[in-house]
Amino acid sequence: MIRNIKLFISITILAMLAGCSVKYSATGASIDQDAKTVNVRFIINKAPINNPTLSQRLTQRLRDKITSQTRLTQVNENEPRADYEFKATITGYSFSNAAVTNVDKAATSRLNVTVNVTFIKRVGDKKGFSQSFTRSADFSASQLPSTVENNLLDNNIIPGITDDIFNRAFANW
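The paragraphs below set out a description of the structure included in this document. (Residues numbered from 1 in each chain as written. Predicted model: local features only at pLDDT ≥ 70, side-chain atom pairs only at ≥ 80, totals over all residues. Heavy atoms only, no water.)

**Topic: the pattern of salt bridges**
For clarity, the threshold we go by: What counts as a salt bridge is simple: a side-chain nitrogen of Lys or Arg found within 4 Å of a carboxyl oxygen of Asp or Glu. In this description a helix means any DSSP run of H or I spanning at least four residues, a strand means any run of E spanning at least two, and both kinds are numbered starting from the N terminus. Working definition: with a 1.4 Å probe on protein chains only, accessible area under 20% of the residue-type maximum means buried, over 50% means exposed, and in between means partly exposed.
On inspection of all chains with the given rule, the structure shows 8 salt bridges. When the shortest N-O distance is used, the salt bridge between glutamate 77 and arginine 63 registers 2.7 Å. Taken together, the residues span a long stretch of sequence, with glutamate 77 in the loop between β3 (73–74) and β4 (84–100) and arginine 63 in helix α2 (residues 54–69) at a distance of 14 residues. By relative accessible area, which is 27% here, glutamate 77 ends up partly exposed. Between lysine 121 and aspartate 125 there is a salt bridge, with its nearest N and O atoms 2.8 Å apart. Judged by relative accessible area, which is 16%, lysine 121 ranks as buried.

Shown next, in the form of structure tokens:
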């Protein structure tokens, strides 16, 4: 009798667990079951001052992040409709003083980049977003911006902006 009760309880627990499902992801990305494709359109650079390679580098970094950390496939930009679509424009690119010394001389300078992103979802809850993402990186004012610019972009700003966009789109941050 006790054995039958234990068996019944075990079967009941297994049946309850079989009816539940949890979606885990190593990246924390939450993607609708029906989503298969993504289109990260080429990011347009409309900043008054700009780095001529920034659009290409930022576009490629975002595409690589999405395809490597999700099951989505990047489609050709001419495809009529992808399940998820990113349209973005670089609207800000500037150098400024971040800190001054007691003799009104800049001690630290800062590179700021702002990207406006529109994320369109055509599957699932269809809740996309339009948002600005800004990242900055500081450097010594004694250095010329042209000598540190590419290093700041590659090691700080581009990875930071792509992480912010990815997290907002797929991790609901």
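So much for the structure itself; the text now carries on.
**Re the packing of α2 against helix α3 (residues 145–170)**
Selection rule: Axes here mean lines fitted to C-alpha atoms, for a helix over just the part in contact, with angles spanning 0 to 180 degrees between N-to-C directions. Small angles under 35 degrees read as roughly parallel and large ones over 145 as roughly antiparallel, with 65 to 115 read as roughly perpendicular and the rest as oblique. Left-handed is the label given to a crossing in which the near helix is rotated counterclockwise from the far helix by less than a right angle, and right-handed is the label when the rotation is clockwise. Here, residues are in contact when the closest pair of their heavy atoms is within 4.5 Å.
As a packed pair, α2 and α3 sit with axes 10 Å apart at the nearest point and diverge in direction by 45 degrees. In terms of orientation, α2 lies oblique with respect to α3. Judged by the sense of rotation from one axis to the other, the crossing of α2 with α3 is right-handed. Across from Leu54, Arg57, Leu58, Arg61, Leu62, Lys65, Ile66 and Gln69 in α2, the residues of α3 making contact are Asn150, Leu153, Asp154, Ile158, Pro159, Ile161, Thr162, Asp163, Ile165, Phe166 and Phe170.

**Points about the side chain of asparagine 51**
What counts, and what does not: Under this definition, polar contacts are N or O atom pairs within 3.5 Å; protein pairs additionally need one hydrogen-donor-capable and one acceptor-capable atom, and for neighbouring residues in sequence, both atoms have to be side-chain atoms.
Within the secondary structure, asparagine 51 is located in the loop between β2 (44–45) and α2. Assessed through its relative accessible area of 6%, asparagine 51 is described here as buried. Reaching out from asparagine 51, the side chain makes a polar contact with the side chain of threonine 53 at a distance of 2.8 Å. Among the polar contacts made by the side chain of asparagine 51, one reaches the side chain of glutamate 149 at a distance of 3.4 Å. Ignoring any residue separated from it by four or fewer positions in sequence, one finds asparagine 51 in contact with Asn45, Arg57, Tyr93, Glu149, Asn150 and Leu153.

**With respect to the side chain of arginine 57**
With respect to the helices and strands, the residue arginine 57 is situated in helix α2. For arginine 57, the side chain forms a polar contact with the side chain of asparagine 150, separated by 3.0 Å.

**Things to note about the nonpolar core**
Across soluble globular proteins, nonpolar side chains show a tendency to be buried alongside one another. Defined as follows: Among buried residues, the Ala, Val, Leu, Ile, Met, Phe, Trp, Tyr and Cys ones that are joined through side-chain atoms within 4.5 Å form a nonpolar core.
Of all hydrophobic cores here, the largest spans 36 residues; its most connected members are Ile66, Tyr84, Phe86, Val113 and Phe170. Every element with two or more residues in this core is listed here: β1 (37–40), α2, β4, β5 (106–121), β6 (129–140) and α3. A total of 10 residues in this core trace back to one element, the largest contributor, which is α3.

**Some points on α2**
Note the threshold: Multiplying 1.5 Å by the residue count of a helix minus one yields the expected span of that helix.
Helix length check: α2, at 16 residues, gives a terminal C-alpha distance of 22 Å against a target of 22 Å (1.5 Å per residue), a fit within 8%. Residues of α2 that are buried include every one of Leu54, Ser55, Arg57, Leu58, Thr59, Leu62, Arg63, Lys65 and Ile66, and no others. Turning to α2, the residues buried within the fold contact β1, β2, β3, β4, β5 and α3.

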